[in-house]
Amino acid sequence: MPDIVHVTYARTGQSSRTNSRGMREMQEKAYHARDAQYLLLKAPPASGKSRALMFIALDKLAHQGLKKVIVAVPEKTIGGSFGKTNLKDFGFFANWEPVDEYNLCTPGMDGSKSKVQAFKNFLENDEKILICTHATLRFAFEELEEAKFNNTVLAVDEFHHVSADGDSRLGELLRSIMAKSNAHIVAMTGSYFRGDTVPVLLPEDEAKFTKVTYNYYEQLNGYTHLKSLGIGYHFYQGKYTSAILEILDTDKKTILHIPNVNSGESTKDKHNEVDTILDAIGDIDRVDSDTGIIYVKRHTDGKVLKVADLVNDDPRYREKVVAYLRNIKAVDDMDLIIALGMAKEGFDWPFCEHALTVGYRGSLTEIIQIIGRCTRDSNNKTHAQFTNLIAQPDAADDLVRLSVNNMLKAITASLLMEQVLAPNFKFKTKLSDDDNAEAGEIKIRGFKTPSSKRVKDIIESDLNDLKATILQDDTMLKAMPGNVDPEVINRVLIPKIIQIKYPELTDNEVEEVRQYVVVDSVIKNGEIKETGDKRFIRMADKFVNIDDLHIDLIDRINPFQKAFEILSKSVTTRVLKIIQDAIDATRIQMTLEEALILWPKINDFVKTFKKEPDTRSLDPLEKRMAEAIIFLKEEKRKAQNG
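Each value, and the rule that gives it
Residues numbered from 1 in each chain as written. Predicted model: local features only at pLDDT ≥ 70, side-chain atom pairs only at ≥ 80, totals over all residues. Heavy atoms only, no water. Helix = DSSP H or I, 4+ residues; strand = E, 2+ residues; numbered from the N terminus. Buried < 20%, exposed > 50% of the residue type's maximum accessible area, 1.4 Å probe, protein only. Contact = heavy atoms within 4.5 Å. Expected span 1.5 Å × (residues − 1). Arc of directions from axis to C-beta. Axes fitted to C-alpha atoms, helices over the stretch in contact; angles between N-to-C directions. Parallel < 35°, antiparallel > 145°, perpendicular 65-115°, else oblique. Left-handed = near helix turned anticlockwise from the far one by under 90°. Nonpolar A, V, L, I, M, F, W, Y, C, P; charged D, E, K, R; others polar. Polar contact = N/O pair within 3.5 Å; in protein donor to acceptor, adjacent residues only side chain to side chain. Pairing = 2+ DSSP bridges. Phe/Tyr/Trp six-rings, centres within 6.5 Å; stacked < 30°, edge-to-face > 60°. Lys NZ or Arg CZ within 6 Å of the ring centre and 35° of its normal. Patch = residues over 30% accessible without salt bridge, like charges linked within 9 Å, V, L, I, M, F, W, Y side chains within 5 Å. Areas by Shrake-Rupley, 256 points an atom, 1.4 Å probe, with all protein chains shown as cover. Salt bridge = Lys/Arg side-chain N within 4 Å of Asp/Glu carboxyl O. Lys, Arg positive; Asp, Glu negative; His and termini not counted. Charge placed at Lys NZ, Arg CZ, Asp CG, Glu CD. Core = buried A, V, L, I, M, F, W, Y, C linked by side-chain atoms within 4.5 Å. pLDDT = per-residue confidence, 0-100.

The number of helices and strands found in the protein is 21 helices and 20 strands. Looking at the protein residue by residue over its 642 residues, the buried ones come to 55%. Residue pairs in contact within the protein that sit at least 24 positions apart in sequence constitute 71% of those at least 6 positions apart.

This paragraph deals with helix 3 (residues 113-124). Within an α-helix, residues lying three or four positions from one another point in the same direction, as the helix has 3.6 residues per turn. Taking 1.5 Å as the rise per residue, helix 3 with twelve residues should run 16 Å; its terminal C-alpha atoms sit 17 Å apart, in good agreement. Residues of helix 3 that are buried include every one of Lys-115, Val-116, Ala-118, Phe-119, Phe-122 and Leu-123, and no others. Mapping the buried residues of helix 3 onto a view down its axis gives an arc of 160°, with all of them on the same face. Exposed residues lying more than 90 degrees from the buried face of helix 3 are Lys-113, Ser-114 and Glu-124. On its buried side, helix 3 packs onto strand 3 (68-73), strand 4 (129-133) and helix 4 (134-141).

Let us now look at the packing of helix 15 (residues 486-501) against helix 20 (residues 592-609). At a minimum axis distance of 10 Å, the contact between helix 15 and helix 20 shows a crossing angle of 165°. By the angle between their directions, the pair helix 15 and helix 20 is classed as roughly antiparallel. Where helix 15 crosses over helix 20, the two elements pack in a sense that is right-handed. Of helix 20, the residues touching helix 15 (which contributes Glu-487, Val-488, Val-492 and Lys-496) are Glu-593, Glu-594, Ile-597 and Lys-601. The residue inventory of the contact of helix 15 with helix 20, partitioned by class, reads three nonpolar, no polar and five charged.

Another aspect to go through is the environment of Ala-280. Turning to its location among the elements, Ala-280 is positioned in helix 8 (residues 270-281). Residues Ala-280 and His-299, 19 residues apart in the sequence, show an inter-C-alpha distance of 8.2 Å.

Let's shift gears to the side chain of Lys-467. Relative to the elements of secondary structure, Lys-467 occurs in helix 13 (residues 463-472). Only 2.6 Å separates the side chain of Lys-467 from the side chain of Asp-520, close enough to count as a polar contact.

Take the pairing of strand 15 (residues 383-391) next. Counting buried positions along strand 15 gives eight out of nine residues, so the element sits mostly inside the fold. Where strand 8 (residues 228-236) lies against strand 15, nine bridges are found, and the strand directions are parallel. Counterpart to Gly-232 in the pairing with strand 15 is Thr-387. Sheet topology note: the strand 14 (residues 354-358)/strand 15 ladder contains five bridges and is parallel. Along strand 15, the bridge assignment pairs Ala-355 with Phe-386.

Within the secondary structure, Val-519 is located in helix 16 (residues 507-525). For Val-519, a relative accessible area of 0% corresponds to the buried category. Sequence separation between Val-519 and Asp-555 is 36 residues; the distance between their C-alpha atoms is 8.1 Å. Apart from residues no more than four positions distant in its own chain, Val-519 is found in contact with Phe-427, Ile-444, Phe-447, Ile-551 and Ile-554.

Here the focus is the packing of aromatic side chains. Two measures describe an aromatic ring pair: the distance that separates the ring centres and the angle between the ring planes. Enumeration according to the criterion identifies 14 aromatic pairs in this entry. Centroid distance Tyr-102 to Phe-122: 5.5 Å. Interplanar angle 55°. Geometry classified as tilted. With a gap of 20 residues between them, Tyr-102 in the loop between strand 3 and helix 3 and Phe-122 in helix 3 connect regions that are remote in the sequence. Looking at Phe-122, the relative accessible area reads 0%, which means it is buried. A network of ring pairs unites the aromatic residues Tyr-31, Phe-55, Phe-92 and Phe-93 as a single cluster. Geometry around Tyr-31 places Arg-34 over its ring, the cationic atom sitting 4.1 Å from the centre. Sitting over the face of the ring of Tyr-295, Arg-286 holds its NZ or CZ atom 3.9 Å from the ring centroid.

Residues Asp-269, Asp-275, Asp-279, Asp-283 and Asp-285 make up a contiguous surface patch of negative charge. Elements with a contribution of two residues or more to the negative patch: helix 8 and strand 10 (282-287).

Attention shifts here to the sheet that holds strand 6 (residues 184-189). Overall, parallel pairing links the six strands, which are arranged 4-3-5-6-2-7 in an open sheet. Looking at strand neighbours, the two that pair on one side only are strand 4 and strand 7 (210-213), the edges of this open sheet. Going across the sheet, the axis of each strand differs from the next one's by a mean of 15°, ignoring polarity. The pairing of strand 3 with strand 5 (residues 152-156) spans five bridges and is classified as parallel. Considered in strand 5, the bridge of Ile-70 is made with Leu-154. Helix 2 (residues 49-63) contacts strand 2 (38-42), strand 3, strand 5 and strand 6 of the sheet and is inclined by roughly 170° relative to strand 6. Packed on one face of the sheet, helix 3 meets strand 3 and strand 4 and runs near 155° to strand 3.

By size, the foremost hydrophobic cluster in this structure holds 69 residues, and its most contacted members are Leu-325 and Ile-338. Among residues more than four places away in sequence, those in contact with Ile-338 are Leu-256, Ile-258, Val-274, Ile-277, Leu-278, Val-307, Ala-308, Asp-309, Leu-310 and Val-311.

So, on to the side chain of Glu-353. The topology assignment puts Glu-353 in the loop between strand 13 (336-339) and strand 14. Buried charge Glu-353 goes without a salt bridge, the closest partner of opposite sign being Lys-252 at 5.7 Å. In contact with Glu-353, other than residues within four places in its own chain, are Asp-251, Lys-252, Lys-253, Cys-374, Asn-380, Lys-381, His-383, Ala-384 and Gln-385.

What follows concerns the sheet that holds strand 10. A sheet is described by the order of its strands in space; here nine strands give the open sequence 1-8-15-14-9-13-12-11-10, paired in mixed fashion. Either end of the sheet is taken by a strand with one partner, and the two such strands are strand 1 (3-8) and strand 10. Strand after strand, the sheet turns through a mean of 20° between neighbouring axes, direction not considered. Together, strand 11 (294-298), strand 12 (304-309) and strand 13 form the strand contacts of helix 9 (residues 315-326), whose direction differs from that of strand 12 by roughly 120°.

For strand 3, the buried fraction is high: six of the six residues fall into the buried class. Because side chains alternate across strand 3, one face comprises the buried residues Lys-68, Ile-70 and Ala-72, and the other comprises Val-69, Val-71 and Val-73, equally buried. Note that strand 3 and strand 4 share five bridges and pair parallel. Pairing of Val-71 across the sheet is with Ile-131, part of strand 4.

This brings us to the confidence of the model for the protein. Per-residue pLDDT for the protein has a mean of 84; in total, 86% of the residues score no lower than 70. Mean pLDDT across the elements of the protein ranges from a minimum in helix 19 (residues 573-585), with 59, to a maximum in strand 11, with 97.

This paragraph deals with unusual backbone geometry. Note: most residues except glycine have negative phi, and most peptide bonds are trans. If you check the backbone angles, Arg-11 has positive phi at about 55° while not being a glycine. Take Arg-11: it is sitting in the loop between strand 1 and helix 1 (25-31).

Here it is, written out as structure tokens:
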């Protein structure tokens, strides 16, 4: 199946070039904000966040009066990213030199007495750097007063694991340390949005952070080797293991994530799934007893492939495999990694060309992390590929609604990724015909200029996170295929989501954010063409001169229509009918606000076609207008009856 998203990059080399202090572009940007007490660094996988933290933390120790640095990572394997690092040879004033005794990302229980005691000892002695897991930090915190963290830098890697939910111990820990100590906090993440729609921080806590954002386009466009990235979907029926070779190309370096055992795609026997995949590829030649690596002789040509099985969770076996993967130096050291919960965030295999994932991942964060596994810059590839293998709905299947929901979510997630991975425009108000846009700008009549610092911060740092929240909203998912008028989506549904996410915004600020979200989504989903000295953008199947754009015109475009167009092209008519029926069965309720917006359109329809809209129409908008008439009649009847 062709890619839904295909983005090309200029290979400028900028993002991997270093300055006189040995800092890459992103690291230099972060270092400029090193004096902030609370710093939130949002940057993609492989941009060098761990080294950026080293630069910042060493400056805080040497020049800002801080005494200690604690680095907390979500799992032990990621701790290796913060090991001893020579920085002086590249121009920095000090090296990063943690001692082995205070690297607590070692085998054994995260909450063991020995690790918790080592953590407490560290706070009392003269050592400078400690590395531990989030779990060890939580266990140790339970036995400590917040004041013990005074004059300490607390760095939290993969910060999206924190949550504003009252049950999140890591979120509660962070709020307590911020409230009751003078600790400095450096939070780092490749994707700030979580999969469960719970905010990472409460608005009042988040407002205290200085944000440094380095986007995916800056990172990927500045690579030396990688030229393009594709995001695609492949649909199957029956068991995924019988369809795997349709999409698994064993000539490409691949990470294959099999489905969670609790998902509909899983056969509930993860070890048998791995065996079935290996049997489909070839015959097992041998298993190396020292490394745990499986050597498979491929059926097609007898080539021997090296396969790592990270689904096998026997600790002795897994430790060997992880140790081997950590020391990969050459492209031929590994061909295929099969994983379930591992090899996502913080896992580094630069040679990976293809991330193949079975089953929809409910968390957009997880999707971004998986895509990040294949977007490392490496001289063995010019193209990186993410493919999602998804169950195609079948009318006879009891899980049809779940399948439909997963397809819609998978495609909307891919469209969000397209927006994350594409270049950014700056939108400004067009004041007159002579008010021409500069490079990278688009000027729009009637467009509101951000009136407050909070709105500017949301637009500059949170836009993709906000879009993720909108795309994950159940009401929006059901509205996406075109059965809700675009103006209702843009002027009613989207502002309600913004108000819930940012309750502190005024109505005017909500409108400013809403306009930016809608404009950014519509423009990035549109196709821009240049003819002579004019630029045109395709919106709703017609090209509009960019110089003639008005906010009212953009509000009449469904920003997610592309998702339904993709579905229409990707599946058969029968499957599309199943999808539409499933959506109809859970149709969103009409509101008076929506009905009133539709009323002028209903009048126009009656004048044009000399008839009322029909609920049985194949046109989803006509059908919705017909429902609006019924709704308004019912409201009128209720009013007359008191």
